[in-house]
Amino acid sequence: MIDIDLVLAIAHHVAVFSVFGLLIAEVVLLRPGLTADRIKQLGTIDGAYGAMSLLVIIAGVARVIWGAAGWEYYVTNWAFWAKMAAFLLVGLLSLPPTLAVMGWRRKLAAEPGFSPDAGEVARLRRFFAGELVAFAFIPAFAAAMARGYGAL
Ligand code: HEM
């Protein structure tokens, strides 16, 4: 008999660690003096980051619905909602870098030597810094809610 709660927990953890790894890869790659290859690489990694985030949501929602605790456990828990808010914040903060990289790739197609200026790169790095700070709260809220803290 397959333990669906275990399978979903494994999927959730693998997706979560992948998302975090991809976020760190973007932080490392986004530096002044970006070359065409780097911009393309950033675009690929950002796409994977989006796809993996979707998997986190699918596995997370599935855990709420089919997990061992039952959905009532989570919807009545403020630590769960705080975790959702932190996750949403990470998602919102990821939008400006995603849109910028998409724009750079379009510019590259028209102008092969294009490289964004250092000010623009610095501005986008601040969004990544914000994402990292907001991200750190997610496992904290997750651990709390998994242990019954936050019950309303
Ligand atoms: C990047 C985003 C996320 C991270 C880093 C994350 C992290 C975690 C971690 C570390 C746990 C294990 C907690 C523990 O057992 O100590 C967990 C559990 C869980 N997460 Fe997430 N999560 C994320 C997104 C989501 C989303 C979007 C949902 C639902 C919509 C969700 C729903 C759940 C559920 C239901 C559990 C099980 C808690 C329990 O054992 O009772 N997660 N998460």
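Here, the structure is the one placed above.
Residues numbered from 1 in each chain as written. Predicted model: local features only at pLDDT ≥ 70, side-chain atom pairs only at ≥ 80, totals over all residues. Heavy atoms only, no water.

Caption draft 1: Spatial organisation of a nonpolar patch on the surface. Residues Ile4, Leu54, Leu55, Ile57, Ile58, Val61, Ile65 and Trp66 make up a contiguous nonpolar surface patch of roughly 780 Å² in combined accessible area. Among the elements that make up the nonpolar patch, the one with the highest residue count is helix 2 (residues 36–66) (7 residues). Note on placement: Ile65 falls in helix 2. (Patch = residues over 30% accessible without salt bridge, like charges linked within 9 Å, V, L, I, M, F, W, Y side chains within 5 Å. Areas by Shrake-Rupley, 256 points an atom, 1.4 Å probe, with all protein chains shown as cover. Salt bridge = Lys/Arg side-chain N within 4 Å of Asp/Glu carboxyl O. Helix = DSSP H or I, 4+ residues; strand = E, 2+ residues; numbered from the N terminus.)

Caption draft 2: Representation of the site of the ligand. Neighbouring the ligand are 19 residues, the closest being His12, Arg63, Tyr74, Lys83 and Arg147. Here an oxygen atom of the ligand and a side-chain polar atom of Arg147 are 2.8 Å apart. The biggest single contributor to the shell around the ligand is helix 5 (residues 118–146), with 6 residues. Per-class residue counts for the shell around the ligand are 13 nonpolar, 3 polar and 3 charged. (Near = heavy atom within 4 Å. Polar contact = N/O pair within 3.5 Å; in protein donor to acceptor, adjacent residues only side chain to side chain. Nonpolar A, V, L, I, M, F, W, Y, C, P; charged D, E, K, R; others polar.)

Caption draft 3: Representation of helix 4 (residues 78–110). Relative to the 48 Å expected for 33 residues at 1.5 Å per residue, helix 4 spans 49 Å between its end C-alpha atoms, a close match to the ideal helical length. Remark: the principal bend of helix 4, roughly 30°, maps to Leu95, with a proline, Pro96, within the next four residues. (Expected span 1.5 Å × (residues − 1). Bend = angle between axes of the 7 residues up to and from the residue.)

Caption draft 4: Seen up close, the pattern of salt bridges. In this structure the tally under the stated criterion is 1 salt bridge. The partner of Arg123 in a salt bridge is Glu120, and the shortest N-O contact between them spans 3.3 Å. In this pair, Arg123 and Glu120 both sit in helix 5, 3 residues apart, roughly one turn of the helix. Note on Arg123: relative accessible area 34%, which makes it partly exposed. Classification of Glu120 by relative accessible area gives partly exposed; the value is 24%. (Buried < 20%, exposed > 50% of the residue type's maximum accessible area, 1.4 Å probe, protein only.)

Caption draft 5: Quick peek at the environment of Ala143. By secondary structure assignment, the location of Ala143 is in helix 5. Between the alpha carbons of Ala143 and Ala79 there is a distance of 9.0 Å; along the sequence they are 64 residues apart.

Caption draft 6: Structural detail: the nonpolar core. Counting residues in each nonpolar core, the largest one holds 26 residues, and the members touching the most others are Leu30, Leu34, Ile39, Leu42, Tyr49, Val90 and Trp104. Secondary structure elements with two or more residues in this core: helix 1 (4–29), helix 2, helix 4 and helix 5. Beyond its immediate chain neighbours, meaning those up to four positions away, Ile39 contacts Leu34, Val101, Trp104, Arg105, Leu108, Phe114 and Pro116. Counting residues in hydrophobic clusters, the runner-up holds 5 residues, among them Val64, Ala79, Phe80 and Met145. (Core = buried A, V, L, I, M, F, W, Y, C linked by side-chain atoms within 4.5 Å. Contact = heavy atoms within 4.5 Å.)

Caption draft 7: Layout of the coordination of the iron atom of the ligand. Bound to the iron atom of the ligand are the protein donor atoms His12 (NE2) and Lys83 (NZ), situated 1.7 to 2.0 Å from the metal. Taken together, the 6 donor atoms coordinating the iron atom of the ligand and their angles of 86 to 178° define a geometry best described as octahedral. Of this pair, His12 sits in helix 1 while Lys83 sits in helix 4; the two residues are 71 residues apart in sequence, bridging distant segments of the chain. Under the relative-accessibility criterion, Lys83 is labelled buried at 10%. (Donors = N, O, S within 2.8 Å, 3.2 Å for Na, K, Ca; no water. Tetrahedral: all angles 85-135°; square planar, octahedral: opposite > 155°, others 65-115°.)

Caption draft 8: Spotlight on helix 1. Over its 26 residues, helix 1 runs 37 Å from end to end, which matches the ideal 38 Å to within 8%, given 1.5 Å per residue. Looking at helix 1, one finds that the buried residues are Leu8, Ala9, His12, Ala15, Val19, Leu22, Leu23, Glu26, Val27 and Leu29. Those residues of helix 1 hidden inside the fold are in contact with helix 2, helix 4 and helix 5. The N-cap residue of helix 1 is Asp3: its side-chain oxygen and the backbone nitrogen of Asp5 are 3.1 Å apart.

Fair warning: the whole summary comes from geometry, so function is off the table for now.
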